[in-house]
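So the chains spell out like this:
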Amino acid sequence: MNLALALGGGGARGLAHFGVLQVLSEEGIFPKALAGTSMGAIVGAVYSVGQDLRGVLRLLSSLDLQEALGLPPSTRNVAEEAIVESLIGRIRRRAWWEVNSARTTRFLAFLRLLTRGKRFEELPLPFVAVACDLVSGEEVRIREGPVYLGVGASAAIPGLLGPVRWRGRFLIDGGVVSNVPVGAAAQLGNVVLAVDVSAPLGPEPHSLVDVALRAYDITARTLQAYQIRIAQERLGENFLLIRPEVGHIGLLEFARLPEAVEAGRAAAKAVLSELKNRG
């Protein structure tokens, strides 16, 4: 079985990917390739460079990631903070892409540590990080150069982190164009296991910021549903989709790592027999 994983974005909910990978390894099922978006790209990269998953989880459990990376407490705070930062940057005549540059630099340094400073070309199995070109709106599949840079671009959530420069392009979070990278994964293997860690729509909007965030969410969901349907039609029974029960975990609630990992484990166990039947 030439199994490729499509690991979706979802912030802290994406920590469930660790649980999925743990169960697959325990059952002797090893993907031949991975495609990841945002947090899915981070976890996929950690796996692809050969990091010990248990060791990485111990490290993450010992850190206050919000404090270490200077993250705000919620997505609404992200949007409000971005507006303020943009106004301050305009007053100080700073280039727009330098807003949140300090946080972005810290984030990239952390990713470089997690990925051992490796390049995509050095990885023992194919891995693709999916990002979005901010200028053209194109999906960009990164499989060359420093892994931390490609992963950082894939996870550069607008407003939270600045865009990442890559080969003359400004790249942002791949969730804008392919939150569950089923298209990229389908090019890497004849059996695809997609892991969707998105959350249901939140409460009714109560401000213009809430409305903007909701509109973005609805658009991304519509595109994701279309991409999944295309993958299902193309691969038939060789396309498996799991949705770990992580909808109650906030985008930036990294302290709920144990819950996310367990949800990932439970979702993976539910499709083990189907995966083995395709072996």
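All values reported here derive from a predicted model rather than from experimental measurement.

Our focus in this paragraph is helix α6 (residues 101-114). With 14 residues, α6 extends 20 Å between its outermost C-alpha atoms, agreeing within 8% with the 20 Å of an ideal straight helix rising 1.5 Å per residue. Along α6, the positions that sit buried rather than exposed are Arg103, Thr104, Phe107, Leu108, Phe110, Leu111 and Leu114. One face of α6 carries all of its buried residues, which in axial projection span an arc of 160°. Counted as exposed and oriented over 90 degrees from the buried face of α6: Ala102, Thr105 and Leu113. Count one or two residues on from α6 and you reach Arg116, which has phi positive near 60°.

A cluster of nonpolar residues, Leu223, Tyr226 and Ile230, forms a patch on the protein surface that exposes about 250 Å² of accessible area. Along the chain, Tyr226 falls in helix α10 (residues 208-235).

Two elements in contact, helix α1 (residues 16-26) and helix α11 (residues 257-269), have axes separated by 6 Å at closest approach and are oriented at 45°. With respect to α11, the element α1 is oriented oblique. At the point where α1 passes α11, the crossing takes the right-handed sense. Residues Ala16, Phe18, Gly19, Val20, Gln22, Val23 and Glu26 of α1 form the contact with α11, whose own contacting residues are Ala260, Val261, Gly264, Arg265, Ala268 and Lys269.

Backbone geometry at Ser38 places phi at a positive 55°, although glycine is not the residue there. Relative to the assigned elements, Ser38 resides in the loop between β2 (33-37) and α2 (39-48).

The biggest cluster of nonpolar side chains holds 71 residues, and the ones touching the most others in it are Phe18, Phe127 and Leu193. Looking at which element gives the most residues to this core, the answer is α2, with seven residues. Those residues within four positions of Leu193 in sequence are excluded, and the remaining contacts are Leu3, Ala4, Leu5, Ala6, Leu24, Leu240, Ile242, Val271 and Leu275. Core analysis: the next-biggest nonpolar cluster, separate from the first, contains 18 residues, Val128, Val130, Ile228 and Leu235 among them.

Two side chains carrying opposite charge are able to pair once their charged atoms lie near each other. For the coordinates displayed, the defined rule picks out eleven salt bridges. A salt bridge links Glu138 to Arg169, with the shortest nitrogen-to-oxygen separation between them at 2.8 Å. Placement of the pair is Glu138 in the loop between β3 (127-133) and β4 (139-142) and Arg169 in strand β6 (residues 169-173), with a sequence separation of 31 residues. Members of the salt-bridge network, linked through shared partners, are Glu26, Arg54 and Arg265.

One pass over the full model with this rule turns up one aromatic pair. Here the aromatic rings of Phe120 and Phe127 are separated by 5.7 Å at their centres, their planes lie at 5°, and the arrangement is stacked.

Here the focus is the pairing of β4. A regular strand places its side chains on the two faces of the sheet in alternate fashion. Of the two faces of β4, the one holding Val140 and Ile142 is buried and the one holding Glu139 and Arg141 is not buried anywhere. Examined bridge by bridge, β3 and β4 share four bridges and lie antiparallel to one another. Counted as the bridge partner of Ala129 is Ile142 from β4. Connecting β3 to the next strand, β4, in antiparallel fashion are five residues, including Gly137 with a positive phi near 80°.

Reading the values: rules and limits
Residues numbered from 1 in each chain as written. Predicted model: local features only at pLDDT ≥ 70, side-chain atom pairs only at ≥ 80, totals over all residues. Heavy atoms only, no water. Helix = DSSP H or I, 4+ residues; strand = E, 2+ residues; numbered from the N terminus. Expected span 1.5 Å × (residues − 1). Buried < 20%, exposed > 50% of the residue type's maximum accessible area, 1.4 Å probe, protein only. Arc of directions from axis to C-beta. Patch = residues over 30% accessible without salt bridge, like charges linked within 9 Å, V, L, I, M, F, W, Y side chains within 5 Å. Areas by Shrake-Rupley, 256 points an atom, 1.4 Å probe, with all protein chains shown as cover. Salt bridge = Lys/Arg side-chain N within 4 Å of Asp/Glu carboxyl O. Axes fitted to C-alpha atoms, helices over the stretch in contact; angles between N-to-C directions. Parallel < 35°, antiparallel > 145°, perpendicular 65-115°, else oblique. Left-handed = near helix turned anticlockwise from the far one by under 90°. Contact = heavy atoms within 4.5 Å. Core = buried A, V, L, I, M, F, W, Y, C linked by side-chain atoms within 4.5 Å. Phe/Tyr/Trp six-rings, centres within 6.5 Å; stacked < 30°, edge-to-face > 60°. Pairing = 2+ DSSP bridges.

Worth remembering: the numbers are spatial, not functional.
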